[in-house]
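What the coordinates show
In case you want the letters, here they are:
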Amino acid sequence: MQWEVLETFAESYRLGIDWAVIDPAIDWTRYREGITNAAMRWMIDHRDATWMPHNLQHTKVYYDHGLLDDCFADTHNSVTGLYGGMAIMPDAIAVNLLAITEG
């Protein structure tokens with residue numbers, strides 16, 4: 001889910017969509033900042049045992065060989081402490097960082 005929100009925010013920024021105009025009841029800046037900051041904390045490192053691609057087991061070989069290092073996890077299990085899910089590409093995070101800094 002996190003990668004979808006990041007991608008939606010990134011594409012909205014590229015298209016000039018201002019969510020605050022569409023729905024002013026939500027603090028969209030804070031929402032974007034929160035989800036972007038969370039994503040940046042979860043960088044994939046194939047040597048890190050807290051990372052497991054729990055929803056797409058057939059991709060585990062890519063992670064085991066470090067092919068997705070420097071991408072970002074889209075889930076964190078607060079009970080087990082494990083990260084996982086899909087690999088978020090860095091460009092979605094970078095575009096959101098640009099949007100935040102241009103505020």
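What this report covers is the structure whose coordinates are included nearby. All of these numbers come straight from a predicted model, not from anything done at the bench. (Residues numbered from 1 in each chain as written. Predicted model: local features only at pLDDT ≥ 70, side-chain atom pairs only at ≥ 80, totals over all residues. Heavy atoms only, no water.)

**Overview of the overall build of the protein chain**
In plain terms, the rule: Each helix is a run of H or I in the DSSP string that is no shorter than four residues. Each strand is a run of E no shorter than two, and both are numbered from the N terminus. Accessible area is worked out with a 1.4 Å probe on protein chains only. A residue is then buried under 20% of its type maximum, exposed over 50%, and partly exposed in between. Working rule for contacts: check all heavy atoms of both residues, and any pair within 4.5 Å makes them a contact. The charge count treats Lys and Arg as positive and Asp and Glu as negative. His and the chain ends do not count. Where a charge sits is defined by one atom per residue type, namely NZ (Lys), CZ (Arg), CG (Asp) or CD (Glu).
When you go through the protein chain residue by residue, the secondary structure sums to five helices and three strands. Seen in sequence order, the protein chain has helices and strands lined up from the N terminus as α-α-α-β-α-β-β-α. The C-alpha extent of the protein chain, read off along each of the three principal axes, is 45 × 25 × 20 Å. Counting only residues that meet the buried cut, the protein chain has 30% of its 103 residues in that class. Considering only contacts in the protein chain between residues 6 or more positions apart, those separated by 24 or more positions represent 61%. Looking at charge distribution, the protein chain has the averaged site of its 6 positive side-chain charges lying 5 Å from that of its 15 negative ones.

**Topic: unusual backbone geometry**
Positive phi values are uncommon outside glycine, yet Asp 70 reaches one of about 75°. Examined against the element boundaries, Asp 70 turns out to sit in the loop between α4 (60-64) and β2 (72-76).

**Here's the deal with the pattern of salt bridges**
So the rule is basically this: When a carboxyl oxygen of Asp or Glu lies within 4 Å of a side-chain nitrogen of Lys or Arg, that pair is called a salt bridge.
Following the criterion strictly, the structure yields two salt bridges and no others. Among the ionic pairs, Glu 11 bridges to Arg 14, the shortest N-O distance being 3.1 Å. Note that Glu 11 and Arg 14 are positioned in helix α1 (residues 2-15) at a spacing of three residues, about one turn of the helix. Looking at Glu 11, the relative accessible area reads 37%, which means it is partly exposed. Salt-bridge contacts for Arg 47 lead to Asp 45; the nearest nitrogen and oxygen are separated by 2.9 Å. Its relative accessible area of 67% is what places Arg 47 among the exposed residues.

**Focus: the packing of aromatic side chains**
Any aromatic ring pair is given by two values, namely how distant the centres are and how the planes are angled relative to each other. Quick reminder of the rule: Here is the rule: rings of Phe, Tyr and Trp (six-membered ring for Trp) pair when centre to centre is within 6.5 Å. Planes less than 30 degrees apart are stacked, more than 60 are edge-to-face, and the remainder are tilted.
This structure, assessed with the given rule, holds four aromatic pairs. Both rings, one in Phe 9 and one in Trp 28, keep their centres 6.1 Å apart while their planes meet at 80°; by these two values the pair is edge-to-face. With Phe 9 in helix α1 and Trp 28 in helix α3 (residues 28-40), the pair connects residues that are 19 residues apart, well separated along the chain. Among the residues examined, Trp 28 registers a relative accessible area of 16% and is labelled buried. Judged by centre distance (5.4 Å) and plane angle (85°), the ring pair of Phe 9 and Tyr 31 falls under edge-to-face. With a gap of 22 residues between them, Phe 9 in helix α1 and Tyr 31 in helix α3 connect regions that are remote in the sequence. Exposure remark for Phe 9: the relative accessible area of 3% places this residue in the buried category. The partly exposed category is assigned to Tyr 31, whose relative accessible area is 37%. A connected cluster of aromatic rings, assembled from ring pairs, spans Phe 9, Trp 19, Trp 28 and Tyr 31.

**Overview of the side chain of Thr 36**
By the secondary structure assignment, Thr 36 is in helix α3. The exposure class of Thr 36 is buried, given its relative accessible area of 0%. Each residue touching Thr 36, except ones within four places of it in the same chain, is listed here: Leu 6, Ile 93, Asn 96, Leu 97 and Ile 100.

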